Amino acid sequence: MNGRIDSHPILAPARGGMVDFFWKGKKLRAREGEVISSALFAAGEKIFGSHKKDGSAMGIFCANGQCSQCLVVADGLPVKACVTAVRPDMHIMPCEGVPAAPSEEWARTNAGHEFQMVPVIRTQVAIIGGGPAGLKAASQLAGMGIRSVLIDDKPRLGGKLVLQTHTFFGSVEDCFAGTRGIDIAVKLENEVLSQPEITVMTSTQAVAVFSDRRIGVVKNGSYVLVEPDAILIASGAREKALSFKGCELPGVYGAGAFQTLVNRDLVRASSKVFIVGGGNVGLIAGYHAMQAGMHVVALIEALPKVSGYKVHKDKLVRLGAPVLLSHTILSANPDAAGTGVGSVTIAKVDASFKTVPGSERVVACDTVLVAAGLSPCDELYRQAEAFGIKVFRAGDAEEIAEASAAMFSGGIAAAKIANALGIKVEIPAVFQKKMNILKSRPGNISARPAGGCSGVEVYPVIHCFEEIPCNPCVTACNKGLIILRGSSGTLMDLPYFVPGDGKGTCSGCLRCSVFCPGLAISIVDKRKAPPGRAFVFIPFELVPDFSVGSHVPLLDAEGVFIEEGEVVDIVDRKWQDKTLMIKVLASANAADRAIGIKYQRDAEDIRVPVRPEAVPGDHGENIVCRCEKVTDREIRAMVREGFTDMNSLKAIRCMMGSCGGKTCTPLIKRIFAEEGVPSDKITDPVRRPLEAEVPLGVFANPRIEEEPDYEARV
Ligand code: SF4
Ligand code: SF4
Ligand code: FES
Ligand code: FES
């Protein structure tokens with residue numbers, strides 16, 4: 001099967017050659033440098049092995065090296081499929097239960113037999129994490145003449161920015177607002193690569209910080225120590241898991257994992273996607289799924305309002321994807337083979353998040369994306385802090401926020417580090433203020449009407465009603481016809497079209513609409529339109545399934561059908577950077593309201609409850625620790641017995657699996673909270689290095705063929 005995305009509205013088709021590899025003895029093809037999990041998904045293989053405890057099917061969950069659910073045996077060694085690149089002619093087998101130790105024969109032919117001293121790289125600052133915060137910090141430090149080593153576990157820099165096809169919010173002057181995440185990543189990466197003060201180590205895993213201030217890193221199977229004067233942890237965040245029946249089925253995975261498969265590796269991960277969680281990550285993942293040609297069955301959120309930006313939610317609903325508020329997932333139900341997802345059972349919840357009896361319904365899907373929030377990857381920070389090392393953190397490792405805020409926090413951290421190293425640098429108060437604004441949660445939703453504009457024939461209609469930190473529409477209009485107005489006097493104020501205030505009148509140049517990250521501005525043009533009718537330009541970032549002359553369903557910002565309009569042009573100029581402007585002829589009234597073209601036109605109405613007998617029966621328990629298959633019931637029983645030291649729970653093996661407790665610890669803390677145990681009464685589990693699995697032989701440092709791309713002394 002071809003599980004690859006060949007046509008995408010934003011991303012260029014993948015380039016580069018293909019290599020052969022073998023899966024269970026069968027020859028398959030992978031792109032050069034592609035990770036095993038993506039190559040297998042592209043070939044339609046989503047089951048990577050079986051669980052050691054009950055033999056159940058295993059697959060990916062995080063696609064980010066964090067959860068250890070994706071083990072396979074590659075050329076005789078167990079590896080994480082999501083972070084291990086396919087090598088030509090690699091022989092890959094599923095990991096059935098506990099992987100066997102490599103054979104003597106394997107050791108004779110494959111293991112290194114010549115060893116070397118561990119090299120040490122001296123530097124002023126070690127930066128762990130090459131996302132927006134780490135990149136910004138490295139550049140700022142270089143600007144002050146401070147040398148740094150930038151360490152990232154991925155083959156390229158940019159962090160999560162490389163997954164973001166949408167344009168960014170924030171301010172144009174401070175953080176590239178209005179530019180796509182993938183393009184911001186390139187800009188920041190180029191800035192870093194051009195500075196001689198920065199040594200970049202990609203595909204490098206930082207595994208521990210030691211009391212002698214050294215950081216152990218593994219690169220290309222070699223062990224290296226980095227010895228800095230100060231450390232910056234900018235290692236981002238990992239996705240939180242959720243516990244519900246069937247949550248461990250392959251086919252249930254993190255929304256970020258999905259974006260990795262779809263936007264980084266251009267793999268068609270599924271065809272019917274169901275999303276749990278209405279934060280920005282879940283909302284954006286739904287949009288990315290539609291861009292990649294997948295069907296978004298629904299997105300549910302337990303709260304009565306999405307916690308992400310309303311403009312993100314509006315983008316989904318006006319393409320025809322249902323967003324159900326005050327709903328929860330009861331179970332992911334197995335498909336006919338019992339190894340993947342076939343449907344989900346959902347239900348309404350009341351104000352205290354209790355399921356409303358009789359509201360259950362079953363929705364068919366093949367993938368469940370969990371977007372339950374993020375938790376900081378800050379283990380190395382805590383390790384360094386405990387040793388009294390000069391350590392700082394920035395970006396999501398410090399506080400979960402948008403990438404725009406992460407860039408600011410990287411800059412601020414760089415200034416703090418410079419001061420700690422004895423280089424006096426002022427941190428302007430305005431920096432902190434701007435960062436706080438960029439970190440702001442969405443504010444009030446205004447009831448003001450979006451549009452209509454008397455006395456002028458061409459005007460923008462701004463369907464942006466919620467206070468968010470954003471201003472590209474203002475910057476885009478060089479006539480000054482859009483301003484932010486509100487009580488805060490900051491980026492959080494709402495945008496208004498002010499035809500009397502600017503330099504001239506609206507020319508219908510489309511710029512405000514094209515550069516709006518929320519795709520929340522339409523342009524109405526009544527010139528040359530028949531009486532009572534108007535042209536409306538609607539921004540569109542999907543592969544159109546219509547052409548000039550088609551009649552398309554027009555939707556308002558809430559996804560409500562208005563009327564059919566006729567497509568009269570599809571404007572696609574180079575400066576629009578792939579945001580199409582669809583020119584539609586409609587009634588004048590509809591033109592003032594329309595901001596969406598329904599894309600998912602054949603969506604089944606999931607609002608109709610199913611017959612109760614169609615609800616699948618109970619199929620197991622809620623798993624909390626997926627590595628060791630420990631259930632919610634088992635953990636709750638211990639909590640009710642009075643255990644408050646999380647280390648005691650290791651007796652039933654939770655937090656003892658190969659992810660080192662990274663996935664289940666937040667869920668266990670939640671159980672304590674649900675059982676009424678205050679957080680200050682709980683003893684945290686003891687964490688011990690290493691922070692990532694490393695084959696033991698690496699520490700013997702076998703000599704490898706490849707020349708290191710960094711300078712070190714031994
Ligand atoms: S269409 Fe052009 S001139 Fe009119 S408000 Fe938007 S940016 Fe300004
Ligand atoms: S209308 Fe303006 S403030 Fe609202 S999302 Fe678009 S660019 Fe941002
Ligand atoms: S899916 Fe590979 S480590 Fe999580
Ligand atoms: S989920 Fe990995 S140890 Fe519990």
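**Concerning the overall build of the protein chain**
Moving on, step 1. When helices and strands are counted, the protein chain shows 16 helices and 35 strands.
Moving on, step 2. A globule of 714 residues ought to have a C-alpha radius of gyration of about 27 Å, and the protein chain, at 26 Å, matches this closely.
Moving on, step 3. Principal axes of the C-alpha set define a box for the protein chain whose edges measure 85 × 70 × 55 Å.
Moving on, step 4. The buried share among the 714 residues of the protein chain stands at 55%.
Moving on, step 5. Across the protein chain, contacts joining residues at least 24 apart in sequence account for 66% of those joining residues at least 6 apart.
Moving on, step 6. If you average the places of the 80 positive and of the 79 negative side-chain charges in the protein chain, the two averages end up 3 Å apart.

**Remarks on the sheet that holds strand 30 (residues 551–555)**
Moving on, step 1. Taken in spatial order, the 7 strands make up an open sheet running 25-28-29-32-31-30-33, and their pairing is antiparallel. Both outer strands of the open sheet, strand 25 (458–462) and strand 33 (596–597), are each paired with one neighbouring strand and no more.
Moving on, step 2. Pairing geometry for strand 31 (residues 561–571) and strand 32 (residues 580–587), over 5 bridges, is antiparallel. In the strand pairing of strand 32, D569 is matched with K583.

**Things to note about the domain arrangement of the protein chain**
Moving on, step 1. Taken domain by domain, the protein chain holds domain 1 (18–98 + 241–370), domain 2 (120–237 + 376–438), domain 3 (458–597) and domain 4 (627–681).
Moving on, step 2. The centre of domain 3, based on its C-alpha atoms, is set 50 Å off from the matching centre of domain 4.

**Description of unusual backbone geometry**
Moving on, step 1. Residue L690 follows P689 across a cis peptide bond; omega there is 10°.
Moving on, step 2. Relative to the assigned elements, L690 resides in the segment after helix 16 (665–674).
Moving on, step 3. At N220, a residue that is not glycine, the phi angle is positive and equals roughly 50°.
Moving on, step 4. Along the polypeptide, N220 turns up in the loop between strand 12 (215–219) and strand 13 (222–233).
Moving on, step 5. Judged by its relative accessible area of 36%, N220 is partly exposed.
Moving on, step 6. At M655, a residue that is not glycine, the phi angle is positive and equals roughly 70°.
Moving on, step 7. Along the chain, M655 turns up in the loop between helix 15 (632–641) and helix 16.

**Notes on the state of the cysteines**
Moving on, step 1. As enumerated under the stated definition, the model contains 0 disulfides in all.
Moving on, step 2. This cysteine, C95, is not joined by any disulfide, and C70 carries the nearest cysteine sulfur, 10.0 Å off.
Moving on, step 3. Taking the relative accessible area as the measure of exposure, C95 reaches 4% and is therefore buried.

**What to know about the sheet that holds strand 22 (residues 367–370)**
Moving on, step 1. Strand order in the open sheet formed by 5 strands is 15-22-16-17-18, with parallel pairing between adjacent strands. Strand pairing shows two members of the sheet lacking a second neighbour, strand 15 (252–254) and strand 18 (323–325), which therefore form its edges. Between one strand and the next, the sheet's axes are offset by a mean angle of 20°, whatever the strand orientation.
Moving on, step 2. Bridge count between strand 17 (residues 295–301) and strand 18: 3 bridges; the pairing is parallel. Residue I300 lies in a different strand from strand 18, and its bridge partner there is L324.
Moving on, step 3. Along the sheet, helix 6 (residues 255–264) contacts strand 15, strand 16 (272–276) and strand 22; its crossing angle with strand 15, the most-contacted strand, is approximately 85°.

**Overview of the site of ligand 2**
Moving on, step 1. All residues in the neighbourhood of ligand 2 are listed as F169, I462, C464, C470, P472, C473, P495, C516, P517 and I521.
Moving on, step 2. For the shell around ligand 2, the per-class residue count stands at 10 nonpolar, no polar and no charged.

**Section: the nonpolar core**
Moving on, step 1. Core analysis: the biggest nonpolar cluster contains 125 residues, and F21, I36, Y253 and I668 have the highest contact counts within it.
Moving on, step 2. The contacts of I36, once residues within four sequence positions are left out, are V72, A74, V79, A81, T84, A85, V86, M90 and I92.
Moving on, step 3. Core analysis: the next-biggest nonpolar cluster, separate from the first, contains 42 residues, L150, L188, V200 and L491 among them.

**A look at the environment of A57**
Moving on, step 1. If you trace the backbone, A57 turns up in strand 4 (residues 57–58).
Moving on, step 2. On the basis of relative accessibility, which here comes to 16%, the residue A57 falls in the buried class.
Moving on, step 3. Sequence separation between A57 and V356 is 299 residues, and the spatial gap between their C-alpha atoms is 32 Å.
Moving on, step 4. Apart from the residues lying within four places of it in its own chain, the contact partners of A57 are I47, G49, E248, P250 and T339.

What counts as what
Residues numbered from 1 in each chain as written. Chains lettered and ligands numbered in written order. Predicted model: local features only at pLDDT ≥ 70, side-chain atom pairs only at ≥ 80, totals over all residues. Heavy atoms only, no water. Helix = DSSP H or I, 4+ residues; strand = E, 2+ residues; numbered from the N terminus. Rg over C-alpha atoms; globule rule 2.2 N^0.38 Å. Buried < 20%, exposed > 50% of the residue type's maximum accessible area, 1.4 Å probe, protein only. Contact = heavy atoms within 4.5 Å. Lys, Arg positive; Asp, Glu negative; His and termini not counted. Charge placed at Lys NZ, Arg CZ, Asp CG, Glu CD. Pairing = 2+ DSSP bridges. Domains from an automatic or database assignment. Disulfide = S-S within 2.5 Å. Axes fitted to C-alpha atoms, helices over the stretch in contact; angles between N-to-C directions. Near = heavy atom within 4 Å. Nonpolar A, V, L, I, M, F, W, Y, C, P; charged D, E, K, R; others polar. Core = buried A, V, L, I, M, F, W, Y, C linked by side-chain atoms within 4.5 Å.

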